[in-house]
Every structure is written in structure tokens, then in C-alpha cells.
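# Coordinates in review
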Amino acid sequence: MTSSSNRGTGVADETDTQFDLADYLATQQAQVEAALNQSITVVYPDKIYEAMRYSLMAGGKRLRPILCLATCELLGGTTEMAMPTACALEMIHTMSLIHDDLPAMDNDDYRRGKPTNHKVYGEDIAILAGDGLLAYAFEFVAAQTQQVSAERVLQVIARLGHAVGAAGLVGGQVVDLESEGKPDVSLETLNFIHRHKTGALLEASVVCGAILAGADDSNLVRLSRYAQDIGLAFQIVDDVLDITATQEELGKTAGKDLQAQKATYPSFWGIEESRRQAQALVTAAKAQVEPFGDRAKPLQAIADYITARTH
Ligand code: GRG
């Protein structure tokens, strides 16, 4: 029987129990860590594989893989179907962090509580470690995905490419670099930067999970809206934390935005209004997935976690 709360999504309610996010995240993180750990082995030339593993296995919340797994499962797919894509998303995210930290970009010394890749391996190897992870991410999806039709795998690969390139992360990073130090960056430009630099991969995480499970168009639209909202909320909270959290909490240099004279959401709205705007986006995101009923609880709890997080 389909309850009134999930009518139209094609997904039936299964549970009505309290959802324990901490437990869910710990379980999913452990599975992702294990899969990532197996994804890359060190062979000749050792240095590049070690550099790739150094950043990939340096911790991190694993939010993108978890979103992918949660969305695939929401629509009746399995962890096995989504894990290669989940790992690829983390490889892409990690490579973007390595390149973002380079002296030519954001120039940072710490990431995930450790010295950045170029501080350990040098700039040349750090660039190549990023390149290696990016290329391997696509190979990994194509070669490792099982129990999913070739057509869906192809759609996932296209979607990932779109999120990474000039229409996504790369485009967002370019506008971010161009805006640095400028006093007149508009809110529209700031939104463009973050919808691309941060939002595109978060959206791809959700959408790829949905594609793997065979989502229809209306569910893809609904889930995509959910992801866009949490993506922007995530960045607003990131900007607030850059001001309010310590380096120990963040695992990276705090106060970086002010130092680099970057336009941020708090610079437009102040801290309290930024928190309010992030909360409003999270509320909207949760409403998008409400029609899925209890099976949307992981996605709703992850949305709440985005505003509650301290790092
Ligand atoms: C993708 C080809 C290619 C090039 C990279 C450098 C660059 C182009 C883009 C920058 C992308 C970037 C670093 C965006 C910031 C996203 C963000 C908010 C990162 C922090 O994410 P968390 O908090 O980090 O999920 P953890 O460490 O928990 O995974």
C-alpha cells in the first residue's frame, strides 16, 4: 500500500522508525572508506600512487559518496550498484581539493587536518596526483560498475563530466579566481561561483545515484532541486564556519576568505542572516523529497546535518 505522503514517486514506505543520522553516517562512511582503500594500489611508479592515496585516504566527511548511495537506495537500488560511482565522486572531489590548495589557486598548507598534497610531494606531483585521480574516477565507473545497464553507466559518466568541466567546477573556480580581491562582486556572481564550484558535484552525487537506480524524469527533477538547495546551503555554512570555527575544527586554515579578500555570504548578509538563509534552503530541500515518505529520511537527515555541522 502506498501512503499519501509518497504518492506519485513510485516508492513505497517501508519504515516509520526514528532515524539515527550519526549511526547511518558512521556505517556509510565505513563502507566508503573500505571501498576507497581498495580502489587504488601502489605500483610502479610508487610516488604518484602514494600521492593519490595520501589525499584520498586523508579523511573527510565522504558526503558526496554518501549522497550517491543514499539516493540510489531511496529509489530501490543497492549499495553495490552505486559504490563505484560513489568512489569516483570522492576521487573527483579530492582532486579538486588538491588543485584548489596549490599556490596558483587558493594556496593552502592544510587540508583534512594534514599538510596539503603539494607540501608533501611538491607541486609537480600534486598536479599529477589530481590528474591521476580525475582520470581514474572515470575509468573506475566504467570498469567497476555492475548490475547496472551500460546505458545508465554512460549517463552517469556524461553527468560526471558535465559537473567537473567548464560547465561545473572548473567554470566556478575560474569566476572565483577572477573575483578575488574585487570589492564589487555581486550576489549573483557569488551564487554562480558556488552553484558551480560546490553545488555541481553535490548535485551530480544525488543525480548519479538516481540515474543508477533508474529514476524517472520527475524524480530526477525533484532530487536535482533537493541537491541544488543543499549545495548552496552547504557553501553558506562553509563561509560561516570559515569565520567562526578554528583550524583544528576545520582541518584547514581558518579565516582564509577574509585574508584573501573574498566575497562571501556573511560579507553580504552577516552571520545570523547567512545561517537563516542556509536553514531556509535546507527546509526547502527537505520538502522536495517529502513525497518519498520514510525512505527519504537519510536525505532529509543529511540536509539537517549540513546546517548543524561544525566542520
Ligand atoms: C575538477 C578538473 C577539475 C579541476 C578543479 C580547483 C577546482 C578545479 C575547483 C575547486 C573546487 C572546490 C575546491 C570547491 C570547494 C568545495 C568544498 C566546499 C569543499 C569542502 O568540502 P567538504 O567540507 O570537505 O565536504 P571534506 O574534506 O569533508 O571532504
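Remember, it's a predicted structure, so these values are computed and weren't measured experimentally.

Cut-offs applied
- The numbering scheme is per chain: residues are counted from 1 as the chain's sequence reads.
- Only residues with pLDDT of at least 70 get local features here, since the model is predicted, and only at 80 or more are side-chain atom pairs given and counted; chain-wide, interface and lining totals rely on the full set of residues.
- The basis for every side-chain value is the complete set of non-hydrogen atoms in the structure, without hydrogens or water.
- In this text, helices come from DSSP runs of H or I with a minimum length of four residues, and strands from runs of E with a minimum of two, each type numbered from the N-terminal end.
- A radius of gyration in this sense is built from C-alpha atoms; the matching globule rule multiplies 2.2 Å by the number of residues raised to 0.38.
- For the exposure calls, accessible area comes from a 1.4 Å probe over protein chains only, and a residue counts as buried if that area is under 20% of its type's maximum, exposed if over 50%, partly exposed in between.
- When checking whether two residues touch, look at their non-hydrogen atoms; a contact exists if any pair is within 4.5 Å.
- This count recognises Lys and Arg as positive and Asp and Glu as negative, with His and chain-terminal groups excluded.
- For charged residues, the charge sits on one atom: NZ in Lys, CZ in Arg, CG in Asp, CD in Glu.
- Throughout this description, the term salt bridge denotes a Lys or Arg side-chain nitrogen within 4 Å of a carboxyl oxygen of Asp or Glu.
- Here the expected span of a helix is defined as 1.5 Å times the quantity of residues minus one.
- What the arc measures is the spread of directions leading from the helix axis to the C-beta atoms.
- Every axis in this analysis is a line fitted to C-alpha atoms, fitted for helices over the stretch in contact. Angles between the N-to-C directions lie between 0 and 180 degrees.
- When describing relative orientation, an angle under 35 degrees is termed roughly parallel and one over 145 degrees roughly antiparallel, while 65 to 115 degrees is termed roughly perpendicular and anything else oblique.
- It is the rotation of the near helix from the far one that decides the hand of a crossing: anticlockwise by less than a right angle makes it left-handed, clockwise makes it right-handed.
- Pairing of aromatic rings covers Phe, Tyr and Trp, the last counted by its six-membered ring, and requires centre-to-centre distances within 6.5 Å; plane angles under 30 degrees mean stacked, over 60 mean edge-to-face, and any other angle means tilted.
- We call a charge positioned above a ring when the Lys NZ or Arg CZ atom is no farther than 6 Å from the ring centre and deviates by at most 35 degrees from the ring normal.
- When we say a residue is near a molecule or strand, we mean one of its heavy atoms is within 4 Å of it.
- Pairing of N or O atoms within 3.5 Å defines a polar contact, subject to two protein rules: one partner must be a possible hydrogen donor and the other a possible acceptor, and residues neighboring in sequence count only if both atoms are side-chain atoms.
- Computed with a 1.4 Å probe, the accessible areas rest on the Shrake-Rupley method; for each residue, only the protein chains presented here act as cover.

Moving on: the overall build of the protein chain. Secondary structure summary: the protein chain contains 15 helices and two strands in total. In terms of C-alpha radius of gyration, the protein chain reaches 19 Å, essentially the compact-globule figure of 19 Å for 311 residues. For the protein chain, the spread of C-alpha atoms along the principal axes amounts to about 55 × 50 × 35 Å. Looking at the protein chain as a whole, 51% of its 311 residues qualify as buried. Relative to all contacts within the protein chain whose residues are 6 or more apart in sequence, the contacts with residues 24 or more apart total 74%. Across the protein chain, 26 positive and 41 negative side-chain charges occur, with their mean positions spaced 1 Å apart.

Inspection of every chain in the model, using the stated rule, returns 16 salt bridges. Between R111 and D100 there is a salt bridge whose closest N-O contact spans 3.6 Å. Of this pair, R111 sits in strand β1 (residues 110-111) while D100 sits in helix α4 (residues 79-100); the two residues are 11 residues apart in sequence, bridging distant segments of the chain. R111 sits in the buried class, given a relative accessible area of 17%. Connected through salt bridges with shared partners, the residues D100, D101, D106, R111, D176, K197 and K262 form a single ionic network.

Our next topic: helix α7 (residues 150-164). Here α7 is 15 residues long and its end C-alpha atoms lie 21 Å apart, about the 21 Å a rise of 1.5 Å per residue gives. By the burial criterion, the buried members of α7 are V153, V156, L160, A163 and V164. Buried positions in α7, seen along its axis, are confined to an arc of 95° and lie on one side of it. Turned more than 90 degrees away from the buried face of α7, the exposed residues are A150, E151 and L154. Against the buried residues of α7 lie α4, α6 (123-144), α8 (169-179) and α10 (199-212).

What follows covers the packing of helix α3 (residues 63-74) against helix α11 (residues 217-244). It is at 13 Å that the axes of α3 and α11 come closest, and there the two elements cross at 155°. As judged from the angle between their axes, α3 and α11 are roughly antiparallel. The two elements α3 and α11 cross, and the hand of that crossing is right-handed. For the pair formed by α3 and α11, the contact residues are L63, R64, L67, T71 and L74 on the first element and L223, Y226, I230 and F234 on the second.

A few words now on the packing of aromatic side chains. For any two aromatic rings, the description comes down to two numbers: the centre-to-centre distance and the angle of the planes. The final tally for this structure, using the stated rule, is four aromatic pairs. With a centroid separation of 5.5 Å and an interplanar angle of 55°, the aromatic rings of Y136 and F140 are classed as tilted. With Y136 and F140 both in helix α6 and four residues apart, the pair spans about one turn of that helix. Directly above the ring of F234 sits R309, whose terminal nitrogen or CZ lies 3.9 Å from the centroid.

Leaving glycine out, the prevailing phi sign among residues is negative, and the prevailing peptide bond configuration is trans. Omega for the peptide link from Y44 to P45 comes to -5°, which places this bond in the cis form. Structurally, P45 can be placed in the loop between α1 (21-39) and α2 (46-56). Located in the positive-phi region is R112, a residue other than glycine, with phi close to 50°. For R112, the position within the fold is in the loop between β1 and β2 (114-115). Overall, R112 belongs to the buried group, its relative accessible area being 17%. Positive phi outside glycine occurs at Q147, with the angle close to 65°. Mapped onto the elements, Q147 comes out in the loop between α6 and α7. Judged by relative accessible area, Q147 falls into the exposed class, the value being 61%.

Near the ligand, the surroundings consist of 19 residues, among which K61, R64, H93, R112 and Q173 are the closest. Here an oxygen atom of the ligand and a side-chain polar atom of H93 are 2.8 Å apart. R112 is positioned with one of its side-chain polar atoms (N or O) 2.8 Å from an oxygen atom of the ligand. Across the complex, the protein chains shield 90% of the 750 Å² of accessible surface that the ligand would expose by itself. Among the elements that make up the shell around the ligand, the one with the highest residue count is α4 (five residues).

Moving on to α6. Counted at 1.5 Å a residue, the expected span for α6 with its 22 residues is 32 Å, and the 30 Å between its end C-alpha atoms agrees. Burial in α6 covers these residues: I125, A126, A129, G130, L133, A137, F140 and V141. Against α1, α2, α4, α5 (117-121) and α7 lie the buried residues of α6.

This part takes up the environment of L241. Within the secondary structure layout, L241 lies in helix α11. Judged by relative accessible area, L241 falls into the buried class, the value being 8%. Distance in space between the C-alpha atoms of L241 and T310 is 7.1 Å, their sequence separation being 69 residues. Non-local contacts of L241, meaning those with residues more than four positions away in its chain, are made with L250, R309, T310 and H311.

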